[in-house]
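# Tertiary structure, described
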Amino acid sequence: MTAFHGKSDGHVLPVTHPKRPRSPSSYGLTRRLLRSLVALATLLVLAAFFVLSHEPPPPPDLSIPEDRLPPLYHDFRQRELNLPHYDAYENNSSIKYFWAAQHAHSSGWGNVMQDYVMMALLAHATGRSFVFDDYVWNANGSIYSDFDGKLTPSRIPLSALLGGLMVGGPMLPGDNTPRSVNKYFFERVCPNPTVVHVSDVNTYDMRFNELVPVSDVFNTWVDVISAIDDPCVMLDPTENQVFDNWVFGKKRRMLPFWPTISRSPVLTSWDWSALVHAAYKRNRHLFKRFPHPSSRFVTLLDNLGLSGSDTPSSVIEGLMAIHVRRGDFEGHCRNLAKWDADWHAWNSFPEFVDKFEKPRDATPDEVLNMYIEHCYPDIQQIVDRVRRVRQESRSKHNLNYLYIMTNAPVSWVEELKSALAEDAEKHRQKWKSVRSSKDLELTWAETFVSQGIDMFVAQRAEVIIGNGWSSLTSNAVMLRMTNGFPTDSMRFW
Ligand SMILES: Nc1nc2c(ncn2[C@@H]2O[C@H](COP(=O)(O)OP(=O)(O)O)[C@@H](O)[C@H]2O)c(=O)[nH]1
Ligand SMILES: [Mg+2]
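Residues numbered from 1 in each chain as written. Chains lettered and ligands numbered in written order. Predicted model: local features only at pLDDT ≥ 70, side-chain atom pairs only at ≥ 80, totals over all residues. Heavy atoms only, no water.

So, about the site of ligand 1. Residues in close proximity to ligand 1 total 16 residues, the closest being Gly 110, Asn 111, Arg 325, Ser 470 and Ser 471. Take His 323: an N or O atom from its side chain is 3.0 Å from a nitrogen atom of ligand 1. In the environment of ligand 1, an oxygen atom lies 3.5 Å from a nitrogen or oxygen atom belonging to the backbone of Met 405. Here ligand 1 has 560 Å² of accessible area as a free molecule, and 86% of this is covered by the chains. (Near = heavy atom within 4 Å. Polar contact = N/O pair within 3.5 Å; in protein donor to acceptor, adjacent residues only side chain to side chain. Areas by Shrake-Rupley, 256 points an atom, 1.4 Å probe, with all protein chains shown as cover.)

Turning next to the sheet that holds strand β14 (residues 316-324). Spatially, β16-β15-β14-β17-β18 is the arrangement adopted by the 5 strands of the open sheet, whose pairing is parallel. At either margin of the open sheet sits one strand with a lone partner, and together these are β16 (433-436) and β18 (490-492). Within the sheet, the average angular offset between the axes of one strand and its neighbour, ignoring direction, is 20°. In the sheet, β14 pairs with strand β15 (residues 401-406) via 6 bridges, with the strands oriented parallel. Counterpart to His 323 in the pairing with β15 is Met 405. Along the sheet, helix α20 (residues 450-458) makes contact with β14, β15 and β17 (461-466), crossing β15 at roughly 140°. (Pairing = 2+ DSSP bridges. Helix = DSSP H or I, 4+ residues; strand = E, 2+ residues; numbered from the N terminus. Axes fitted to C-alpha atoms, helices over the stretch in contact; angles between N-to-C directions. Contact = heavy atoms within 4.5 Å.)

On to the state of the cysteines. Following the criterion strictly, the structure yields 2 disulfides and no others. Covalent S-S linkage joins Cys 190 and Cys 232, the inter-sulfur distance amounting to 2.0 Å. Residues Cys 190 and Cys 232 are joined by a disulfide whose S-S torsion is about -70°; by sign, that bridge is left-handed. Residue Cys 190 is located in the loop between α6 (183-189) and β11 (194-196), and its partner Cys 232 is located in strand β12 (residues 232-235); the two are separated by 42 residues in the primary sequence. Residues Cys 190 and Cys 232 agree in their burial class; the two are buried. Across the disulfide, Cys 333 is cross-linked to Cys 375 (sulfur-sulfur distance 2.0 Å). On the S-S bond that ties Cys 333 to Cys 375, the torsion sits near -70°, and the link is left-handed. (Disulfide = S-S within 2.5 Å. Buried < 20%, exposed > 50% of the residue type's maximum accessible area, 1.4 Å probe, protein only.)

In terms of nonpolar packing, the biggest core is built from 119 residues, with Trp 109, Met 119, Trp 221 and Trp 272 touching the most fellow members. Looking at which element gives the most residues to this core, the answer is helix α4 (residues 109-125), with 11 residues. The residues touching Trp 272, leaving out its near neighbours within four places in the chain, are Trp 109, Met 113, Leu 161, Leu 162, Gly 163, His 277, Gly 452, Met 455, Phe 456, Gln 459 and Leu 479. Counting residues in each nonpolar core, the second largest holds 22 residues, with Val 324, Leu 402, Leu 416 and Trp 431 among its members. (Core = buried A, V, L, I, M, F, W, Y, C linked by side-chain atoms within 4.5 Å.)

Think of two packed helices as two axes; the pair is described by the angle between the axes and how far apart they sit. Relative to each other, helix α17 (residues 379-393) and helix α18 (residues 410-426) sit at 40°, their axes nearing to 10 Å. Relative to α18, the element α17 is oriented oblique. In terms of crossing hand, the pair formed by α17 and α18 is right-handed. Judged by residue contacts, Ile 379, Ile 382, Val 383, Val 386, Arg 387 and Arg 390 of α17 engage Trp 412, Glu 415, Leu 416, Ala 419, Leu 420, Asp 423 and Ala 424 from α18. Each residue belonging to the contact of α17 with α18 can be placed in one class, and the counts come to 9 nonpolar, no polar and 4 charged. (Parallel < 35°, antiparallel > 145°, perpendicular 65-115°, else oblique. Left-handed = near helix turned anticlockwise from the far one by under 90°. Nonpolar A, V, L, I, M, F, W, Y, C, P; charged D, E, K, R; others polar.)

A word on empty space enclosed by the protein. In total, this model carries 5 cavities of 30 Å³ or more according to the counting rule given. Looking at the largest cavity, its volume works out to about 70 Å³. In this structure, the largest cavity is lined by Ala 120, Ala 123, His 124, Arg 128, Ser 129, Phe 130, Leu 165, Met 171, Thr 177, Pro 178, Ser 180 and Val 266. For the lining of the largest cavity, the secondary-structure elements that each account for two or more residues are α4 and β4 (129-132). Partitioning the lining of the largest cavity into residue classes produces 7 nonpolar, 4 polar and 1 charged. (1 Å grid on protein atoms, 1.4 Å probe; cavity = no way out; pocket = protein on both sides within 12 Å on 5 of 7 lines; lining within 4 Å. Points joined across faces, edges and corners; volume = space filled by probe spheres on them.)

The next thing to look at is helix α9 (residues 214-226). With 13 residues, α9 should cover 18 Å at 1.5 Å per step; its first-to-last C-alpha distance of 18 Å lies within 8% of that length. When we look at burial in α9, the residues that qualify are Val 214, Ser 215, Val 217, Phe 218, Trp 221, Val 222 and Ile 225. Angular distribution of buried residues about the axis of α9 spans 160°; they occupy a single face of the element. (Expected span 1.5 Å × (residues − 1). Arc of directions from axis to C-beta.)

Here the focus is the packing of aromatic side chains. Per the stated rule, a full pass over the model turns up 26 aromatic pairs. The ring centre of Phe 76 lies 4.9 Å from the NZ or CZ of Arg 79, which sits over that ring. Over the ring of Phe 456 we find Arg 460, and its NZ or CZ is 4.7 Å from the ring centre. (Phe/Tyr/Trp six-rings, centres within 6.5 Å; stacked < 30°, edge-to-face > 60°. Lys NZ or Arg CZ within 6 Å of the ring centre and 35° of its normal.)

Turning our attention to the environment of Cys 232. On the basis of relative accessible area, Cys 232 is assigned to the buried category, the value being 9%. A sequence separation of 34 residues divides Cys 232 from Val 266, and the C-alpha atoms of the two residues are 21 Å apart. Not counting chain neighbours up to four residues away, the residues in contact with Cys 232 comprise Tyr 97, Arg 128, Phe 186, Val 189, Cys 190, Pro 193 and Thr 194.

In this structure the tally under the stated criterion is 24 salt bridges. Across the pair Lys 417 and Asp 439 runs a salt bridge whose closest N-O atoms are separated by 2.8 Å. One end of the pair, Lys 417, is in helix α18; the other, Asp 439, is in the loop between β16 and α19 (444-447), and 22 residues separate them in sequence. You can call Lys 417 buried: its relative accessible area is 10%. Asp 439 sits in the buried class, given a relative accessible area of 19%. One salt-bridge network, in which partners are shared between bridges, spans Asp 354, Arg 385, Arg 388, Glu 392 and Arg 491. (Salt bridge = Lys/Arg side-chain N within 4 Å of Asp/Glu carboxyl O.)

Honestly, it's all geometry; don't read function into it.
Right under this line is the structure:
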């Protein structure tokens, strides 16, 4: 920089200053940049250290025992026999119990769950402790049973499937209903219970009259049980269920009961077992954007509370779950056509988008085809339906994960997965992931409660497509409705 400065032999001489430092602002910028870079590097080193210091969870034991004998869940059974409230209850004669010894068994979990829910509601409504038994597949005293050529446990302790108040967990604050107890505890404290015969209470009308709502039947039972002073009440084990299986398919009879059932803690506090939760957690990456369990990031996200909520009422955003019911439904769907059967009541809320209109003036073949399309759709029908529902949901839901809940054989499921993925790509709506029940990484113990894992997913997916005649679908829908999922997020084939 040049300036005029001083005089010399009469001339004003230009004076050149020694080089001045660069302007403070340009120097500051470099320094600031440097500082930021150092900070960033430190942060990166710290983050790397932080991530590396979080060990991934130890790999689970996913091995199958050499003898392939099913698990017997000894630890669950042991816990059920020693629940923390037993000591206090044993010494408290004011605790009342309700034991439905004729509870549903020897059928799929969906049907058994319906009955257990109703009996737990009755126990709760009469202020009695709900007495629970196993999920019994075979009541003949055997340890294992053959199911389609595969061994399965004849009994699974209920707490391997369920958690919360159904299996002895605490009641909600302010709810003084005694906690649930296992039937062995009941038998110990109630050696001579009052036995109620279902057939003495259930009149013909209560069972069969289409005009008698289930709410009336329920209230009759509440009155009958409430009138008994004996703390120990048991339903005769040789009799029918209080609510016959077919009643759950009668929407006119069931829907008036919804206000009662949906407000009961039996449903509002419904929860699955620790086993189901653990299996879900290990497989989260199948349902949403989440690292594989072998990644250190899983522990990090879990420890920082960044994994998202996985409670029974929290939504799995972006997930569409579809229930592709196979196996025995191949023949069953044909029978449903012959019987002119309706969808399950909880699949038939009037607010739902999809309704099953029974065919009228149709030939037997047309009727059969219609039942098959909705009950046992083939791969092309499934692909078309999934695309359509996804498109119809577009304005509200950004669905990009697809999960197929199914009991179909692996080879067929792989074919279905490819068809679904290809179709989505063709329509420029590529799924980020298309997975199925067969992709779950499960321990041997979890394998036999996988229906609970799938239901936990179905009750929380952003949108589901279910089978209207399936109790597994309808129980998931019931839980979604309880938890306030939008009615247009429950769709059907
Ligand atoms: N894991 C799993 N099991 C299923 C599925 N669908 C059916 N199953 C099996 O088949 C049984 C179906 O019986 P159920 O629960 O009574 O339902 P429903 O027969 O469809 O009314 C279940 O208990 C499961 O063992 C599914 O999507 N996932
Ligand atoms: Mg069934």
